[in-house]
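Structure at a glance
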Amino acid sequence: MAVPEMISLEEARELVLSRVSPLQPEMVSLLDLIGRVAAEDLASDIEVSPFAHSAMDGFAMRASQLAGASEDAPVELDVIAEVPAGGWFEGTIGEGQCVRIMTGAPLPADADAVVKYEVVGVVSGEGRAGGRVAFTAPAQAGDNVRPAGDEAHAGEVIVHAGEVIHSAGVGFLAGCGVTEAATYRRPQVGIIATGAELVPPTEVPVRGQIRNSNSFMLAAACIDAGAVPHILPISPDDYDGLLAEVSDAARTFDFVITSGGAANGDYDFIKKVVDAAGELLMTTVNMRPGKAQTFGIVHGTPVFGLPGNPAAAYLGFEMIIRPALRAMQGYSHFSRPTVTARLAEDMCKRDPRRIFNRATLCKEADGSYSVMPAKNQSSGLFGPIQRANCFMVMPEGTGEYHKGDMLECVLLDIPEEVLL
Ligand code: AMP
Ligand code: MG
């Protein structure tokens, strides 16, 4: 099948997503579930709370005992016992009696309401067992009582397959006796930088050399996406070497990312390598920076060839690879939140591709947003992205943009699940 010349970003993302699926689930312990997707329905083993209990420090009785109570005609009750959290009151509450009760303590079987301390008058004995207290208002059955099973019933599914587990979810599961659960395995990602000019960051580059920064950005972005990066040796610009390294990595890892050598230069080999070793599916995406975006399948493994320019590699990862790595972990939201913002200065767009400008978004006093693009939009730079907080999107086509025009901005580093 011929590989299409240039496809849209949406088509690229769809193509890559159509070639990945969630990895096989693994059992992980409760704390390791944070931020991950439940691969199965998770149910409570018991009623939570297991018993009706008091929501306040106060006095428990039947509401009917306080019928008609008022400032002028208080109802006085004898305090016959004290029940703390973790305790259990075995007795019965007779007419004219109540029990002093703490927050979290089981509600006595024949009580149905709790009146909080603050509104109860002490008649004698400091309101403790053996003393007497006065109520100046009636109560309703259920006042300050939390019923058994208000969080979950025994056997009830409390987290459904596909849900992202947040910190509250970890607590919810702990309370319901779930101490480990199945979640999709994290993708192991092989990262290969290509380029004869590259040396590791630990070395000082000499004539014509630069440090390999992309592999580290990509590894960090993998971690951020929930994947496990493996930085592989730098591949010099040599077809046979790259073919061997990509083939090896495709056999070893769940996903392979290369950077550099993705265009049509004399030493750009990733397209030829993917085509020779497997199935080449995509080479060019209508976006800037970074239209050279190669994708294919080698030995059943997705292989993505990013361009070498740092900003282009970053954008390709962010827009296309990150969704794929998340799909492999069972996530179902793939777009970062966006806001519409007022452009802060006039601009001219000469490149017809969709442009993702590195930019800073500010919230104004009236709640609206304004956006200022970074002065230097060179695709060779990481700094403007590090200092930016969004990509300001200029749609396909050329033309003038004016101060005050409204443009869509994609927020960086905000989870896909967040609604704005
Ligand atoms: P390429 O896509 O191979 O033509 O590279 C485009 C530009 O990105 C060149 O200036 C390369 O030196 C640079 N580049 C390529 N790979 C890396 C890398 N791993 N880290 C930093 N810059 C790179
Ligand atoms: Mg190169």
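As the structure is a prediction and not an experimental result, all values here were calculated from the model.

All right, on to the environment of leucine 198 then. Topologically, leucine 198 is positioned in strand β14 (residues 198–199). Not counting residues up to four positions away in its chain, the partners in contact with leucine 198 are Ala193, Ile210, Arg211, Asn212 and Ile234.

Not every one of the 14 residues close to ligand 1 is listed here, only the nearest: Glu197, Asn212, Ser213, Gly261 and Gly308. At 3.2 Å, a backbone N or O of asparagine 214 approaches a nitrogen atom of ligand 1. Protein contact buries 75% of the 490 Å² of open area that ligand 1 shows by itself. In terms of residue class, the shell around ligand 1 is built from 3 nonpolar, 9 polar and 2 charged.

Once that is clear, we can look at the pattern of salt bridges. Here the structure, examined in full by the defined rule, presents 18 salt bridges. For arginine 322, the salt bridge is made with aspartate 224, and the minimal N-O distance between the two is 3.8 Å. With arginine 322 in helix α6 (residues 310–327) and aspartate 224 in helix α3 (residues 214–224), this residue pair connects regions lying 98 residues apart in the sequence. Here the salt bridges share partners, and the residues they tie into one network are Asp224, Arg322, Arg326, Glu416 and Glu417.

Geometrically, the link from valine 48 to serine 49 is a cis peptide bond, its omega value of -10 degrees lying close to zero. In this structure, serine 49 sits in the loop between β2 (42–43) and β3 (53–54). For the bond running from arginine 288 to proline 289, omega is 5 degrees, close enough to zero to count as cis. Within the secondary structure layout, proline 289 lies in the loop between β19 (287–288) and β20 (292–298). With phi around 55 degrees, asparagine 144 is a residue other than glycine that occupies positive phi space.

In this section: the sheet that holds β20. Taken together, the 6 strands give an open sheet; going across it, the order is β16-β13-β17-β21-β20-β18, and neighbouring strands pair in mixed fashion. Of all the strands in the sheet, just β16 (228–231) and β18 (279–284) have a single pairing partner and so form its edges. For this sheet, the mean angle separating the axes of adjacent strands, direction not counted, is 20 degrees. Here 5 bridges tie β20 to strand β21 (residues 301–306), and the two strands are oriented antiparallel to one another. Along β21, the bridge assignment pairs threonine 294 with glycine 305.

With that settled, the discussion passes to the pairing of β20. Among the 7 residues in β20, 7 count as buried, and that is most of the element. Summarising the sheet, β18 and β20 pair through 4 bridges and their orientation is antiparallel. Note that in β20 the partner of methionine 282 across the bridge is phenylalanine 295. Turn length for the β20-β21 hairpin, with the two strands adjacent in sequence and antiparallel, is 2 residues, and the turn residue histidine 299 shows positive phi of about 50 degrees.

What follows covers the packing of aromatic side chains. Evaluated as defined, the whole model comprises 7 aromatic pairs. Relative to phenylalanine 304, the ring of phenylalanine 295 lies with its centre 6.0 Å away and its plane at 45 degrees, an arrangement referred to as tilted. Each member of the pair, phenylalanine 295 as well as phenylalanine 304, carries the same accessibility label: buried. Among the aromatic residues, ring-to-ring pairing joins Phe59, Tyr117 and Phe135 into one connected group.

This paragraph deals with the domain arrangement of the protein. Under the domain assignment, the protein is made up of domain 1 (9–23 + 185–327), domain 2 (26–49 + 150–184), domain 3 (53–146) and domain 4 (338–411). Of note, the centres of domain 1 and domain 4, computed from C-alpha atoms alone, are 26 Å apart. Across the boundary between the two partners, domain 1 contributes 19 residues, which contact 15 residues of domain 4. For the pair domain 1 and domain 4, the summed buried surface comes to about 1500 Å²; carbon and sulfur atoms form 65% of the total. Interface area lost by domain 1 to domain 4 is led by Asn286, Arg288 and Ala311, which between them contribute 36%.

This part takes up α3. Looking only at α3, the buried set comprises Asn214, Ser215, Met217, Leu218, Ala219, Ala221 and Cys222. Contacts made by the buried residues of α3 are with β13 (188–193), β16, β17 (255–259), β21 and α6. Positive backbone phi, at 90 degrees, marks glycine 226, one or two positions downstream of α3.

Within the secondary structure layout, histidine 299 lies in the loop between β20 and β21. Separated by 185 residues in sequence, histidine 299 and valine 114 have C-alpha atoms that sit 67 Å apart. Look past the residues within four positions of histidine 299 in its chain and what remains in contact with it is Ser247, Ala250 and Arg251. Among the polar contacts made by the side chain of histidine 299, one reaches the side chain of arginine 251 at a distance of 3.4 Å.

A word on the side chain of glutamate 245. Examined against the element boundaries, glutamate 245 turns out to sit in helix α4 (residues 239–252). Buried and unpaired, glutamate 245 has no salt bridge, with arginine 251 as the nearest side chain of opposite charge at 13 Å. Beyond its immediate sequence surroundings of up to four residues, glutamate 245 is in contact with Ile192, Leu232, Pro233, Ile234 and Ser235.

Here the focus is helix α1 (residues 9–18). Listed as buried for α1 are Leu9, Ala12, Arg13 and Val16. Seen from one end, α1 has its buried residues packed into an arc of 95 degrees, which puts them on one side. Those residues of α1 that are exposed and aimed more than 90 degrees away from the buried face are Glu14 and Ser18. In this structure, the buried residues of α1 make contact with β18, β19, β20, β21, α6 and β24 (354–363).

Here is what the cut-offs are and how they apply
Residues numbered from 1 in each chain as written. Chains lettered and ligands numbered in written order. Predicted model: local features only at pLDDT ≥ 70, side-chain atom pairs only at ≥ 80, totals over all residues. Heavy atoms only, no water. Helix = DSSP H or I, 4+ residues; strand = E, 2+ residues; numbered from the N terminus. Contact = heavy atoms within 4.5 Å. Near = heavy atom within 4 Å. Polar contact = N/O pair within 3.5 Å; in protein donor to acceptor, adjacent residues only side chain to side chain. Areas by Shrake-Rupley, 256 points an atom, 1.4 Å probe, with all protein chains shown as cover. Nonpolar A, V, L, I, M, F, W, Y, C, P; charged D, E, K, R; others polar. Salt bridge = Lys/Arg side-chain N within 4 Å of Asp/Glu carboxyl O. Pairing = 2+ DSSP bridges. Axes fitted to C-alpha atoms, helices over the stretch in contact; angles between N-to-C directions. Buried < 20%, exposed > 50% of the residue type's maximum accessible area, 1.4 Å probe, protein only. Phe/Tyr/Trp six-rings, centres within 6.5 Å; stacked < 30°, edge-to-face > 60°. Domains from an automatic or database assignment. Buried area = accessible area lost by both parts, 1.4 Å probe. Lys, Arg positive; Asp, Glu negative; His and termini not counted. Arc of directions from axis to C-beta.

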